[in-house]
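Architecture at a glance
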Amino acid sequence: MKGNIQTSTLAAALLTALSLPHAAHAQSSQPQPAAAPAATDLEKVAVTGSRIKRAQVEGPAPVTIIGAEQIKREGFANVYEALSTLTEVTGTVQADVNKGPTPNASPLNLRNLGPGRTLLLIDGRRVADYPLPYEGRGNFANFNNIPMAMVERIEVLASGGSAIYGSDAMAGVINVILKKNYNGDEVRIKGGTTTRGGGDSFDLSWVGGRTGEKWSATYGLQWSGRETLFAGDRPFVDSDYEPGSRVKPLVNDAWPWIWGVELIDLGNKRRVTPPDGACERFQDLPLHDFIGNEGNPPEFPGYSCTQGKGNALWSLRNGSDNKSAFGNFQYEFDNGMQAWISASLWDSEGESRQDEALRFTLLDGRGGSWYDPQLGQRIQGRRAFTVAEAGQRKPFLFRTNERSWDVAGGLRGHFGEKFDWDATVGRTEYEVKFSFPAILQSAIDDYFLGPQQGVTDDGTPIYTLDQNRFWNPMSGDAFRSMTTRGHSSAESWMNQAQFAVNGELFHLPAGPVGFAAVLEAGSQGYRLHPDPLTFGPGKQYDQPGGVNQGGGDRKRYAAGVEFKVPLLESLNLTAAGRYDRYKDDSRKEGNFTWNTGLEWRPVDRLLLRASYNTTFRAPDMHYLFATSGTGTQEDSDIANCVRRDLQPSCGSQDLYYRHDISRTGNLKLESETGKSWSAGFVWDATDNLSLSADYWRMNIDNQVQDFSITDILDLESECINGVPKEAGNPLRVTPGSAECDSIVSRVSRSAPGTNASGLPDANYPLGQVRSVFSGPINLSYREVAGVDVSARYRIPTTSWGDFSFAFNYTNQLKTNTRRDKGSPLLEQRDDEIRSFIRASASWERGPWTATLFANRIGHVNGDSYGRCAPRLPGEDPSVCGHVDKLKAPIYFNLTAGYQMTDKARVNLYIDNLFDEAEYKDPYKMFFIYANERVFSRVGREVSAELVYKFD
């Protein structure tokens, strides 16, 4: 089968040497026949993980190679979808439904060490970071802007690569190899949809090339897109009254962040009953009686018009319209020197919605409440705009416009007969423009409240609510007068130059000593440009996800060497060392890393291997140069919960609320350092069966990470109350210590016994949280370890056709973290996904091909894992039924193709064959009712493709 993953044992031309044939050039759609191992006859190629060119490309560390044709045959629409199923990608990242201000970007998380610790290369060159920070914190590489049409293959080194590639390669390297030396033209036209409705997609590409005696040119265009898929398109997740069936009897109310139209009598702590018929006048805002959740009474009982389908506007999968172009030209001079230049351009428009419908609190930012003479009480008013009022869904959506480009060129030549050299220069840029819906608070207050009529004796402002306006849908003109669109932007860039040389130094009895050396110089930078009306004295509205400010530049220099020494004919030693130096306006920093490895082949068909690497990562630029970040976040107020002796139920509505957050960068951060090692074997058991297994382990010292807001609030409680949140757990801090002083200073509260507006409230004996300050710090330690196993098998050609099978398995055996040197080592393996499997079975007979692909994601914890299951009415409350992990989802893809003529082919793709979409965490009571990073809500997708080739 062409296009199966060849782990560790295969690269480039060697892909045909084992059990499953793999075409070396992605433009060939025909399967290649199996070949007997003949490594000594192969052309020398460069493989990710080493700069030395060698015919026998097996290395001491495993490298996974996935070809463009394989990506298509396994049913994936783009590069990111395929890479995210590799078993080495053991860490999850934000799903589309929760991406906030980076909706059109997709990072990867190799070995669960974090997205920023995976280095993305294009033809061995670094790319510019995504300009907007991941989760508002750190920079990362976007794997969603790599057009499929330009990819020949992708090489994945899932172990420390700093000694070869420098910073950002702590978890590994993903090197995307582009098409070159292409001859002919190929057009692909593809269209698809989901069987549950919505999510239509299309893909049109043209790739071509010409070659001459001394030159070659490769070019291509691609246009692809998909329709935004909303929760409203999937009835099983669009309503807050449809949680998992197990706890449905315990969920009587919409959660507190889902508003409709409601007035709250703060004096009597009750909702004001809407006038007769008011709720019926709004779309999807039925009258609802609040009686509480999980047996807890509501903060404000009574009636209001509440969103019955408050989730309908969330995007389950974001929409996009992508256009790209690329080209590569090479020319060889008479003296054997070669010149080349390549360029690519990617332009994308994205559409998403990761927040509730536009909503507001009257007088928000000015106390959030008023005394109303008409009602005779202190009142709070909350309201959500509806699609019916806006007249369409468009005003509620986030939009991104992105453009990235990359231009590089260079010369290649020879020093005598033993050494090759390569000189490269390039520049890459990335720009993002972000448009978002916003409300004009002053216009809202004027529309519903009119002018202020004075203040009460306790300082509460006096207004009279226009109840006719409040309890009736507004006109489209009124909606537009109270809303607007904000605009932010960001850009990043990178310049780089490299000179590399490789060849053979001299011969030992066992063979030649390989050598490579590299010199690199580069600069990079980024700038964030938030909407000036979202912060500062002139602030008029909020930006969803918060405001991030910052920007900086830095220079990078590096020098490295690598050796391959044949100790015996069957035993090779590799060693590499590299020095990187970073320089910016505030600091200079140098790091030396090295690695070594052994390859032992006691017999031709067996390789035993081991490698050891030291790694480092220079501090993320936004961790250093963020100047101000503000936003809001919902958290449990642990300190007040413990003080009121309500634990472990700290998520009740009066103790789980939204507060302000802020962060800045930290110029005192140290570089992360680490180690990684692996050991294993590759065994070609027969001409048709190959097996491999590797154990790996990685650790990071001084890990840089934002001080978690949730962790700050947990530790603040321990500092204030002197007891842990849950009885029996150890204290992590010492009350009265300098550490506690620092933690408590990060939390701003109102006066004891008052709420955030400064008014008396017995719910907050310690005061209500107003804001929490966070920022990046160096954590002490993180370690991960696991095993990778793979197998390839091919049934020799039969009358029924050719059959081939592939299997990959990864089990993450260890995930440990330590917050600081005085903290205990926390085992988090059970908190993460532990195992991953991908497998495929392929068949070819004459013009027909078919592939069945399966991807299994191991069990993951649910929201109530390890706790006592909620007791339903009639069940014994003294019996504790421990909540287990969620099911392990398995997704199947089926593809089939038919070669109609020498030039024309049709393909059929069915993704998520068995329509897995509706699974819910039995104990999760809010959107999207399961771990959104693991469980898909899209369902089955079907698409068809026509491929046509011409000269």
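Quick look at the structure, then. Everything numeric here is computed off the predicted structure, so don't read it as measured data.

Some remarks on the state of the cysteines
In this structure the tally under the stated criterion is 3 disulfides. Between the sulfur atoms of Cys719 and its disulfide partner Cys740 the distance amounts to 2.0 Å. Note on the Cys719 and Cys740 pair: the S-S dihedral is about -85 degrees, so by sign convention the disulfide is left-handed. In this pair, Cys719 is assigned in helix H10 (residues 709–721) and Cys740 in helix H11 (residues 738–745), connecting sequence segments 21 residues apart. Taking the relative accessible area as the measure of exposure, Cys719 reaches 11% and is therefore buried. The disulfide partner of Cys868 is Cys880, and the S-S distance across this bridge is 1.9 Å. One quick way to see it: the torsion about the S-S bond of Cys868 and Cys880 is about -100 degrees, and its sign makes the bridge left-handed. One end of the pair, Cys868, is in the loop between strand S41 (848–857) and strand S42 (890–899); the other, Cys880, is in the loop between S41 and S42, and 12 residues separate them in sequence.

So, the pattern of salt bridges
In a structure, side chains of opposite charge can pair up when their charged atoms sit close to one another. Applying the stated criterion across every chain, the model contains 53 salt bridges. Residue Arg117 pairs with Glu672 through a salt bridge whose shortest N-O separation is 2.6 Å. In this pair, Arg117 is assigned in the loop between helix H2 (79–83) and strand S3 (118–122) and Glu672 in strand S31 (residues 672–686), connecting sequence segments 555 residues apart. Given a relative accessible area of 6%, Arg117 falls into the buried group. Judged by relative accessible area, Glu672 falls into the buried class, the value being 1%. Close ionic contact of Asp334 with Lys214 constitutes a salt bridge, the shortest N to O distance being 1.9 Å. Of this pair, Asp334 sits in the loop between strand S16 (319–332) and strand S17 (338–352) while Lys214 is found in the loop between strand S8 (201–211) and strand S9 (215–226), placing the two residues 120 residues apart along the sequence. For Asp334, a relative accessible area of 69% puts it in the exposed group. Residue class for Lys214 comes out partly exposed when judged on its relative accessible area of 30%.

Digging into a nonpolar patch on the surface
On the surface, a nonpolar cluster with roughly 570 Å² of combined accessible area is contributed by Trp215, Phe329, Tyr331, Phe333, Ile341, Val407 and Leu411. For the nonpolar patch, the secondary structure elements donating two or more residues are S16 and strand S21 (398–415). Tracing the chain through its elements places Val407 in strand S21. Judged by its relative accessible area of 35%, Val407 is partly exposed.

Brief notes about the side chain of Asp185
By the element assignment, Asp185 lies in strand S7 (residues 184–194). A distance of 3.0 Å separates a polar atom in the side chain of Asp185 from a polar atom in the side chain of Tyr219. Not counting the four nearest positions on each side in its chain, Asp185 is found in contact with Trp206, Val207, Gly208, Gly209, Arg210, Tyr219, Tyr948, Lys949, Phe950 and Asp951.

Some remarks on the packing of aromatic side chains
Enumeration over the complete set of coordinates arrives at 31 aromatic pairs. Between Phe515 and Phe563, the aromatic rings sit 5.5 Å apart at their centres with planes inclined by 50 degrees, giving tilted as the arrangement. In this pair, Phe515 is assigned in strand S24 (residues 511–529) and Phe563 in strand S25 (residues 547–568), connecting sequence segments 48 residues apart. Phe515 gets classed as buried once you look at its relative accessible area, which sits at 15%. The exposure class assigned to Phe563 is partly exposed, which follows from its relative accessible area of 30%. Geometrically, the ring pair formed by Trp848 and Tyr898 is tilted, given 4.5 Å between the ring centres and 45 degrees between the ring planes. With Trp848 in strand S41 and Tyr898 in strand S42, this pair connects stretches of sequence that are 50 residues apart.

Section: unusual backbone geometry
Backbone geometry follows two general trends: most residues other than glycine have a negative phi, and most peptide bonds adopt the trans configuration. The residue Asp123 is not glycine, and still its phi comes out positive at about 50 degrees. Along the chain, Asp123 falls in the loop between S3 and strand S4 (125–126). A relative accessible area of 21% means that Asp123 is categorised as partly exposed.

Thoughts on the nonpolar core
Counting 58 residues, the largest nonpolar core has Leu83, Leu120, Phe143, Ile154, Ile174 and Val176 as the members making the most contacts within it. With near-sequence residues (within four places) excluded, Ile154 lies in contact with Thr64, Ile65, Ile66, Ile71, Val79, Leu83, Ile174, Asn175 and Val176. Counting 30 residues, the second largest nonpolar core, distinct from the first, contains Leu363, Ile379, Leu449 and Met474.

What counts, and at which threshold
- Residues numbered from 1 in each chain as written.
- Predicted model: local features only at pLDDT ≥ 70, side-chain atom pairs only at ≥ 80, totals over all residues.
- Heavy atoms only, no water.
- Disulfide = S-S within 2.5 Å.
- Helix = DSSP H or I, 4+ residues; strand = E, 2+ residues; numbered from the N terminus.
- Buried < 20%, exposed > 50% of the residue type's maximum accessible area, 1.4 Å probe, protein only.
- Salt bridge = Lys/Arg side-chain N within 4 Å of Asp/Glu carboxyl O.
- Patch = residues over 30% accessible without salt bridge, like charges linked within 9 Å, V, L, I, M, F, W, Y side chains within 5 Å.
- Areas by Shrake-Rupley, 256 points an atom, 1.4 Å probe, with all protein chains shown as cover.
- Polar contact = N/O pair within 3.5 Å; in protein donor to acceptor, adjacent residues only side chain to side chain.
- Contact = heavy atoms within 4.5 Å.
- Phe/Tyr/Trp six-rings, centres within 6.5 Å; stacked < 30°, edge-to-face > 60°.
- Core = buried A, V, L, I, M, F, W, Y, C linked by side-chain atoms within 4.5 Å.

Function-wise, these values are silent; they only describe arrangement.
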